[in-house]
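Architecture and fold: a report
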Amino acid sequence: MDQLKAMRYFVKVAEAGSFTKAAQHFDVPASSLSRRVADLENHLGAVLLKRSTRVVRLTEIGRLYLQQVRDILSRLEATDELVGSYQSKPMGHLKISATVGFGETLLLPLMDEFSDRYPEIVLDIELSDALSTLGRDDVDIAIRGGYVPDERVVAVKLRDNRFILAGSPAYLEREGMPAHAQDLKEHKGLFYRAPIGILPWISMINDEWQDVSPHKVAVSNAGRWLVDKASKGDGLLMLPRWALQSALDRGALLEIPLNPAVAVTRSEKLGIYLLYAQNRYQVPKVKAAVDFLVTRLSDHPG
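What comes next is a walk through the structure. Quick caveat: nothing in here was measured; it's all calculated off a predicted structure.

Attention shifts here to the environment of Leu94. The residue Leu94 is located in strand β3 (residues 92–98) in this model. Overall, the relative accessible area of 0% leaves Leu94 in the buried class. Ignoring sequence-local partners within four residues, the contact set of Leu94 consists of Phe114, Ile121, Val122, Leu123, Asp124, Asp140, Lys285, Val286 and Ala289.

Our focus in this paragraph is the sheet that holds strand β6 (residues 154–160). Within the open sheet, the 5 strands sit side by side as β4-β3-β5-β16-β6. Their pairing is mixed. Since the sheet does not close on itself, it has two edges, and those belong to β4 (121–127) and β6, each with one partner. Strand-to-strand twist of the sheet, defined as the mean angle between neighbouring strand axes without regard to direction, takes the value 20°. With 5 bridges joining them, strand β5 (residues 141–146) and strand β16 (residues 271–276) adopt antiparallel strand pairing. Bridging across to β16, Arg144 finds its partner in Tyr273.

Before going further, it helps to examine the pattern of salt bridges. Scanning the entire structure with this criterion turns up 13 salt bridges. In this structure, Asp140 engages Arg280 in a salt bridge whose closest nitrogen and oxygen atoms are separated by 2.9 Å. Residue Asp140 is located in the loop between β4 and β5, and its partner Arg280 is located in the loop between β16 and α9 (284–297); the two are separated by 140 residues in the primary sequence. The class for Arg280 is partly exposed, based on a relative accessible area of 28%. The shortest N-O distance in the salt bridge between Glu175 and Arg174 comes to 3.2 Å. Accessibility expressed as a relative area gives 48% for Arg174, which makes it partly exposed. Taken together, the shared-partner salt bridges connect Lys12, Glu15 and Arg70 into one network.

Rules behind the numbers
- Residues numbered from 1 in each chain as written.
- Predicted model: local features only at pLDDT ≥ 70, side-chain atom pairs only at ≥ 80, totals over all residues.
- Heavy atoms only, no water.
- Helix = DSSP H or I, 4+ residues; strand = E, 2+ residues; numbered from the N terminus.
- Buried < 20%, exposed > 50% of the residue type's maximum accessible area, 1.4 Å probe, protein only.
- Contact = heavy atoms within 4.5 Å.
- Pairing = 2+ DSSP bridges.
- Axes fitted to C-alpha atoms, helices over the stretch in contact; angles between N-to-C directions.
- Salt bridge = Lys/Arg side-chain N within 4 Å of Asp/Glu carboxyl O.

In C-alpha cells, the structure reads:
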C-alpha cells in the first residue's frame, strides 16, 4: 500500500465530503480511491469515515487522524520546497579550505562581497597549509599551491606561484646588492616553511642545480611575518609575487633580479589551484563560489 497517497486521498475525501469529488480532483476512478482509503483504515485498524449513500463524515478518531495527517503533509510539502530551492539557488553551508598565506592575503578580503551577493550561503573557511582531500575532509572547495594535483578533481589554475627574491632598500644599502646567485651565501635569509619542509634557495649554475641558500635568520610558514621582517631589513626573502606585491607596490621591498635566477624548486609549473569535485559543480552554492573565486582571483583571463 502506498500510505502517503492513501493519506492524501483520505484528506481530500474528508474535505470534500465525497469520494466522487475527491476522485475527480485526483482524476482517478472513485472505486480505486475508495479502495485506497479502505486499505488505509485496515492498515490502521480504525474506521476513519462513516459512509452513506449521500454523505461521508469523519469518525471521532478520523477527525484526530485528519489533524495529524494535514500536519504531516504540510511538513512534507515544505520539505519538498526547501529541497527544490536548495537545488535551484545558492544556499546552505559551504566549506572552503585555503592555504594560510593565500587565504589571508587574497581570499578573505573578498568574502564580505561574496556574502553580500549570496546571503543564504553560510561560509565555513579554514586556513591551513595541510593537504586536504575533497570529500574525505568534507571540503567543497580547496585552494592549494603546488603542482597540478593527482586527485580526481577539477583543478583551475588561479595564478602562477613562482617565488621571487626581494629585500628592503635599507638592507640592500647596508649589506650590498647581490650580483650573482652564489653571492647569496654571504647574505642573511628569511625562509618559508612549506608543508614539505623548509624551501631551499637553488640556482642552475654550470648546468647543475646548486644550493645558494644564505645564512638563516628566521624560518616560518607565516608569510606576513616574514614580509614584515624583510621590510625591516632583517634579511632577504623569497616568496610568491602575490604574497610580496603589496610590499613591492609601497616600496618596502625591492625585487632582486639575478642571473642565473634563483628558485625554490626545479619545477617551473608551480601554481595556485582551485580544486573541487566535478560532480559537485552543479550544486548552486558550489557553482556560485567557484565562478566567483575564479573570476576574482585568477590572473589568467578566460
